[in-house]
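# Observations on chain architecture
So you can see what is in the structure, the chains are spelled out below.
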Amino acid sequence: MSKEIQSEISFEAAMQQLEEIVGKLEEGDVPLEKAIEYFQKGMELSKICNDKLQHVEKQMDYILRDDGELKPFELQEEDKS
């Protein structure tokens, strides 16, 4: 799958396609050649989902300041005095 297609497909669409492939493979009556094709496509979709999740995780490591600059996200503990 090209990088162009990877950036165009949403996480949700990739997950839906992956779930459909898993369903077909779980049925067990898929010819070997088709099963291998499904497996390869599933691995590509899995990588797309993983890459998109990692990108979101990196984004979540930062929050916007009032001035629009990014800074690392830090949890602030409540003062229990």
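Residues numbered from 1 in each chain as written. Predicted model: local features only at pLDDT ≥ 70, side-chain atom pairs only at ≥ 80, totals over all residues. Heavy atoms only, no water.

The subject of this paragraph is the overall build of the chain. The helix and strand tally for the chain stands at three helices and two strands. Each helix and strand of the chain, placed in order from N terminus to C terminus, yields the pattern α-α-α-β-β. Residues counted as buried form 12% of the 81 residues belonging to the chain. In the chain, 51% of the contacts between residues at least 6 apart in sequence involve partners at least 24 apart. For the chain, the accessible area works out to roughly 7,200 Å², and carbon and sulfur atoms hold 52% of it. (Helix = DSSP H or I, 4+ residues; strand = E, 2+ residues; numbered from the N terminus. Buried < 20%, exposed > 50% of the residue type's maximum accessible area, 1.4 Å probe, protein only. Contact = heavy atoms within 4.5 Å. Areas by Shrake-Rupley, 256 points an atom, 1.4 Å probe, with all protein chains shown as cover.)

Counting eight residues, the largest nonpolar core consists of I9, A14, L18, I21, Y38, L45, I48 and C49. Where this core is concerned, the elements lending two or more residues are α2 (11–27) and α3 (32–60). Residue contributions to this core peak at four residues, all from α3. Apart from residues no more than four positions distant in its own chain, I21 is found in contact with Y38, K41, G42 and L45. (Core = buried A, V, L, I, M, F, W, Y, C linked by side-chain atoms within 4.5 Å.)

This part covers α3. With 29 residues, α3 extends 41 Å from end C-alpha to end C-alpha; this agrees with the ideal 42 Å at 1.5 Å per step. All buried positions along α3 are accounted for by A35, Y38, G42, L45, I48 and C49. (Expected span 1.5 Å × (residues − 1).)

These values are about where atoms sit, not about what they do.
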